[in-house]
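Structural overview
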Amino acid sequence: MMDSLTGDDELRRLRDRLGATDWRNIVVLTGAGISVASGLPTYRGPGGLWTRPEAEEVPDAAMMERDPSRVWSLFGPLRGPLQAATPNAAHVALAQWQARLPPGRSFTLVTQNVDGLHTRAGSREVVELHGSLLHTRCVNPDCGTTPFEDLQEHIQAPVCVRCGQPLRPDVTLFNEPLPVDAEWAAKRALRECDLFLAVGTSGTVAPASSFVRGAKYAGAWTLLLNLTPMQPRHPDFDQEVLGRAEELLPFLLNS
Ligand SMILES: [Zn+2]
């Protein structure tokens with residue numbers, strides 16, 4: 001049975017358990033909720049990219065095929081705010097936790113966010129499950145160019161100098177599969193996981209819902225930290241902690 005934690009004593013007990021040094025394989029999954037305090041809109045929440053009136057047409061695989069410039073018109077202008085945003089205390093707490101772990105421990109930070117803030121906070125080897133909005137790649141899988149950093153706010157599709165096909169933001173659109181390398185890295189980490197922490201995500205939809213199943217199957221202790229209670233509750237989460245990531249994580253991870 002899952003507990004929902006909010007009281008101070010409970011949070012202190014939780015901090016003690018998280019701070020134990022015997023976790024060997026930690027997997028953290030973060031969603032849009034962790035970046036709200038950095039001033040970034042969530043994708044689906046109020047004011048989010050895909051809930052604005054002008055974005056009734058969602059950027060999906062079909063739009064990319066039909067009209068690459070339309071995709072850029074939605075994503076390109078987000079690059080400015082992304083560069084202006086700074087990592088918040090939650091990003092920093094996770095980076096410091098990773099840096100403090102004793103040698104031989106495995107720590108895998110998987111994010112659904114495309115904002116690059118974990119890396120900027122100092123986290124290493126971040127698995128970007130939905131790609132990065134600060135990277136651009138060619139639409140042509142046979143082109144051979146690798147995704148590259150691109151901070152320009154394109155509103156029209158630029159053209160690949162190598163093959164002449166359109167370039168695209170290196171993000172996963174609706175109806176597109178996850179990047180195979182990122183998905184593989186996440187699944188591999190979950191197989192050995194003994195502590196799974198999901199932050200700033202509802203917990204009830206993929207990938208959080210499938211990740212927690214995998215972690216639980218591997219025998220992990222599983223926690224969800226989010227602003228609002230899980231609805232409906234996912235049976236594989238052992239504990240739910242309600243609050244703001246930028247306040248809870250620095251406390252819980254003792255940074
Ligand atoms: Zn190309």
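About the cut-offs
- Residues numbered from 1 in each chain as written.
- Predicted model: local features only at pLDDT ≥ 70, side-chain atom pairs only at ≥ 80, totals over all residues.
- Heavy atoms only, no water.
- Donors = N, O, S within 2.8 Å, 3.2 Å for Na, K, Ca; no water.
- Tetrahedral: all angles 85-135°; square planar, octahedral: opposite > 155°, others 65-115°.
- Helix = DSSP H or I, 4+ residues; strand = E, 2+ residues; numbered from the N terminus.
- Buried < 20%, exposed > 50% of the residue type's maximum accessible area, 1.4 Å probe, protein only.
- Arc of directions from axis to C-beta.
- Contact = heavy atoms within 4.5 Å.
- Phe/Tyr/Trp six-rings, centres within 6.5 Å; stacked < 30°, edge-to-face > 60°.
- Lys NZ or Arg CZ within 6 Å of the ring centre and 35° of its normal.

- The protein chain appears in an unreviewed UniProt entry as protein acetyllysine N-acetyltransferase from Myxococcus stipitatus.

Focus on the coordination of the zinc ion
- For the zinc ion, the full set of protein donor atoms is Cys138 (SG), Cys143 (SG), Cys160 (SG) and Cys163 (SG), and the range of their distances to it is 2.3 to 2.4 Å.
- Coordination at the zinc ion is tetrahedral, judged from the four donor atoms that bind it and the angles of 96 to 116° they form at the metal.
- Coordination of the zinc ion draws on donor residues from a single chain, spaced C-x4-C-x16-C-x2-C in sequence. Here Cys138, found in strand β5 (residues 131–138), pairs with Cys160, found in the loop between β6 (148–149) and β7 (167–171); they are 22 residues apart in sequence, far enough to count as distant.

Regarding helix α9 (residues 245–252)
- Within the sequence span of α9, burial applies to Ala245, Leu248, Leu249 and Leu252. Seen along its axis, α9 keeps its buried residues to an arc of 95°; they face one direction.
- Turning to α9, the residues buried within the fold contact α1 (8–19), α5 (89–100), β8 (195–199), β9 (221–226) and β10 (239–242).
- The positive-phi residue at the C-terminal boundary of α9 is Asn254, with phi of around 55°.

A look at the packing of aromatic side chains
- Taken as a whole and assessed by the stated rule, the structure comprises three aromatic pairs.
- With 5.5 Å between their ring centres and 85° between their planes, Trp97 and Phe107 make a pair best called edge-to-face. One end of the pair, Trp97, is in helix α5; the other, Phe107, is in strand β3 (residues 106–111), and ten residues separate them in sequence. Like Trp97, the residue Phe107 is buried in the burial classification.
- When the ring centre of Trp221 is taken as reference, the NZ or CZ atom of Arg17 above it lies at 3.7 Å.

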